[in-house]
Amino acid sequence: MDHLKWEEIRARAREVSRQAYAPYSGYPVGAAALVDDGRIVVGCNVENAAYGVTLCAECGLISSLVAGGGGRLVAFTCVNGNGEVIMPCGRCRQLLHEHGGADLLVDTPEGVKTMAQVLPQAFGPEDLSKVTEQATR
Ligand code: THU
């Protein structure tokens, strides 16, 4: 993916991080991704007085992707309140993997990597279908 597109999604992530609701951690996060049909989806973290119920920025992004008609994620980035690229948490790598697969490009503080590199040997939909096929044989 070209440099300009990366700059565009990073800018969108920084922009949406300003909408974050993070009164407890004081750590706003903004996420943005390019979808295979060319649209850009975004999300910010939404915390809760019951701390464990907090939604990461990626949750909002995936919800927006699906509610907007679905599609495959092509490139993803997330940033903190300083606008610095951060790694998606482990749970959110799993969430992103479902909708982008092993080839999804993930922005990291060490440069662009594939989902296969940041979530090796991921569990995915094909693991479920393998067992389902065996059970019906
Ligand atoms: N957070 C995200 O939104 N995404 C991540 O991948 C890492 C963590 C949020 C959750 C919480 O609101 C704050 O960052 C501090 O953990």
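The text that follows walks through the structure, step by step, so that each part is easy to find. Predicted, not measured: the structure shown is a model, and the values here were computed from it. (Residues numbered from 1 in each chain as written. Predicted model: local features only at pLDDT ≥ 70, side-chain atom pairs only at ≥ 80, totals over all residues. Heavy atoms only, no water.)

Turning our attention to the overall build of the protein chain. Within the protein chain, the regular secondary structure consists of five helices and five strands. Written out in order from the N terminus, the α and β elements of the protein chain read α-β-β-α-β-α-β-β-α-α. Relative to a compact globule of 137 residues, whose C-alpha radius of gyration would be 14 Å, the protein chain shows 15 Å and is just as compact. In terms of its C-alpha atoms, the protein chain occupies a principal-axis envelope of roughly 55 × 40 × 30 Å. Counting every position in the protein chain, which comprises 137 residues, the buried fraction comes to 37%. (Helix = DSSP H or I, 4+ residues; strand = E, 2+ residues; numbered from the N terminus. Rg over C-alpha atoms; globule rule 2.2 N^0.38 Å. Buried < 20%, exposed > 50% of the residue type's maximum accessible area, 1.4 Å probe, protein only.)

With four bridges joining them, strand 4 (residues 105-108) and strand 5 (residues 111-114) adopt antiparallel strand pairing. From the neighbouring strand, T108 faces strand 5, where its bridge partner is G111. The loop that links strand 4 with its antiparallel partner strand 5 comprises two residues. (Pairing = 2+ DSSP bridges.)

Further remarks concern the nonpolar core. Core analysis: the biggest nonpolar cluster contains 19 residues, and V41, L61, L73, F76, L96, L104 and M115 have the highest contact counts within it. Those elements giving two or more residues to this core turn out to be strand 1 (30-35), helix 2 (57-67), strand 3 (73-79) and helix 4 (115-118). By size, the runner-up hydrophobic cluster in this structure holds eight residues, among which are W6, I9, A32 and L34. (Core = buried A, V, L, I, M, F, W, Y, C linked by side-chain atoms within 4.5 Å.)

Along an α-helix, residues three or four apart share an orientation, since each turn contains 3.6 residues. For helix 1 (residues 3-17), with 15 residues, the first-to-last C-alpha span of 21 Å sits near the 21 Å given by 1.5 Å per residue. Listing the buried residues of helix 1 in full gives W6, I9, R10, A13, V16 and S17. When helix 1 is viewed along its axis, its buried side chains cluster within an angular range of 130° and face the same direction. Buried residues belonging to helix 1 abut strand 1, strand 2 (40-44), strand 3, strand 4 and strand 5. (Expected span 1.5 Å × (residues − 1). Arc of directions from axis to C-beta. Contact = heavy atoms within 4.5 Å.)

So, about the site of the ligand. Surveying the vicinity of the ligand reveals the residues S25, Y27, V29, N45, E47, T54, C56, A57, E58, M87, P88 and C89. E58 places a side-chain nitrogen or oxygen 2.8 Å from an oxygen atom of the ligand. Here the ligand, which alone exposes 370 Å², has 78% of that area covered by the protein. Each residue belonging to the shell around the ligand can be placed in one class, and the counts come to seven nonpolar, three polar and two charged. (Near = heavy atom within 4 Å. Polar contact = N/O pair within 3.5 Å; in protein donor to acceptor, adjacent residues only side chain to side chain. Areas by Shrake-Rupley, 256 points an atom, 1.4 Å probe, with all protein chains shown as cover. Nonpolar A, V, L, I, M, F, W, Y, C, P; charged D, E, K, R; others polar.)

Another point: the side chain of N80. Among the structural elements, N80 can be located in the loop between strand 3 and helix 3 (90-100). Here N80 is in contact with S17, Y27, P28 and I86, once residues within four sequence places are set aside.

We describe a pair of aromatic rings using the distance from one ring centre to the other and the angle between the two ring planes. Tallying each qualifying case throughout the model produces one aromatic pair. When the centroid spacing of 5.5 Å and the interplanar angle of 45° are considered together, the rings of Y24 and Y51 count as tilted. Linking Y24 in the loop between helix 1 and strand 1 with Y51 in the loop between strand 2 and helix 2, this pair joins segments that are 27 residues apart in sequence. By relative accessible area, which is 39% here, Y24 ends up partly exposed. (Phe/Tyr/Trp six-rings, centres within 6.5 Å; stacked < 30°, edge-to-face > 60°.)

Next up on the list: the sheet that holds strand 5. The five strands are arranged 2-1-3-4-5 in an open sheet whose pairing can be described as mixed. Looking at which strands have only one partner, the edges of the open sheet turn out to be strand 2 and strand 5. Adjacent strand axes in the sheet meet at a mean angle of 20° when their direction is disregarded. In terms of strand pairing, strand 1 meets strand 2 through five bridges, oriented antiparallel. (Axes fitted to C-alpha atoms, helices over the stretch in contact; angles between N-to-C directions.)

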